[in-house]
Amino acid sequence: ERVQFMLPGTTAGFTFHFTQMVPSFPRKASVDASYKTALEEKGIGKYLSVKRRDQGDVIGWETVETPEKCSGGVQRIQWQCYDGQNYYYSFIAHADPRQFPQHRAALQGIIDSIRFGR
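In this text the structure is predicted, and so the values were computed from the model without any measurement.

Quick notes on the rules
- Residues numbered from 1 in each chain as written.
- Predicted model: local features only at pLDDT ≥ 70, side-chain atom pairs only at ≥ 80, totals over all residues.
- Heavy atoms only, no water.
- Pairing = 2+ DSSP bridges.
- Helix = DSSP H or I, 4+ residues; strand = E, 2+ residues; numbered from the N terminus.
- Buried < 20%, exposed > 50% of the residue type's maximum accessible area, 1.4 Å probe, protein only.
- Expected span 1.5 Å × (residues − 1).
- Bend = angle between axes of the 7 residues up to and from the residue.
- Contact = heavy atoms within 4.5 Å.
- Phe/Tyr/Trp six-rings, centres within 6.5 Å; stacked < 30°, edge-to-face > 60°.
- Lys NZ or Arg CZ within 6 Å of the ring centre and 35° of its normal.
- Salt bridge = Lys/Arg side-chain N within 4 Å of Asp/Glu carboxyl O.

### Thoughts on the pairing of strand β1 (residues 2-6)
Pairing of β1 with strand β2 (residues 13-20), which is carried by 5 bridges, proceeds in the antiparallel orientation. Pairing of F5 across the sheet is with F14, part of β2. Taking the residues between adjacent antiparallel strands as the criterion, β1 and β2 are bridged by 6 residues, where G9 takes a positive phi near 80 degrees.

### Considering unusual backbone geometry
Notably, N86 is not glycine yet its phi reads approximately 65 degrees, a positive angle. Here N86 shows up in the loop between β5 (75-82) and β6 (87-95). A relative accessible area of 5% means that N86 is categorised as buried.

### Some remarks on helix α2 (residues 100-112)
Taking 1.5 Å of rise per residue, the 13 residues of α2 would be expected to cover 18 Å, and the 17 Å separating its terminal C-alpha atoms lies within 8% of that figure. Helix geometry: α2 is bent most strongly at A106, by close to 30 degrees. Contacts from the buried residues of α2 go to β2, β4 (59-65), β5 and β6.

### With respect to the packing of aromatic side chains
In this structure the tally under the stated criterion is 13 aromatic pairs. On the numbers, 6.0 Å between centres and 40 degrees between planes, the contact of F14 with F16 is tilted. Note on F14: relative accessible area 12%, which makes it buried. Overall, the relative accessible area of 22% leaves F16 in the partly exposed class. Considering the side-chain rings of F16 and F91, the 6.2 Å spacing of their centres and the 35 degrees angle between planes classify their relative orientation as tilted. Linking F16 in strand β2 with F91 in strand β6, this pair joins segments that are 75 residues apart in sequence. Pairwise contacts between aromatic rings join F14, F16, F18, W79, Y87, Y89, F91 and F116 into one cluster. One residue, R53, lies across the ring of W79, its end atom 4.7 Å from the ring centre.

### Things to note about the environment of Q20
Structurally, Q20 can be placed in strand β2. Looking at Q20, the relative accessible area reads 51%, which means it is exposed. Each C-alpha atom of the pair Q20 and C70 lies 27 Å from the other, and the pair is 50 residues apart in sequence.

### Considering the pattern of salt bridges
Where charged atoms from two side chains of opposite charge approach closely, those side chains can pair. The final tally for this structure, using the stated rule, is 10 salt bridges. The shortest N-O distance in the salt bridge between D96 and R98 comes to 2.8 Å. Residues joined in a network through salt bridges with shared partners are K28, D32, R52 and D54.

This is a description of form; function is not addressed.
Shown next, in the form of structure tokens:
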């Protein structure tokens, strides 16, 4: 349920996690509330950007952390989403805040390349 890839010689990497939620889990309400909270957190400097990110029946939100507010020593681009079968996914492209700017385009490319098929 969890996988991590790292670019050798750097702190840049990609991690994803997924888990199945119960059928009655309110995925739309969860996404709406989490997105609203993330927008508020952007206002207090936690995120550089926040956006809704939906793909067919997959609904979610994407955040990019600020170097000042990142936790665990890594700055992240994170897409959190739920599919139509109520699986929760967390895709994180990350690097040390000192290396994040030089890897940001590649990290965003990784997140943008994720596609859900039918």
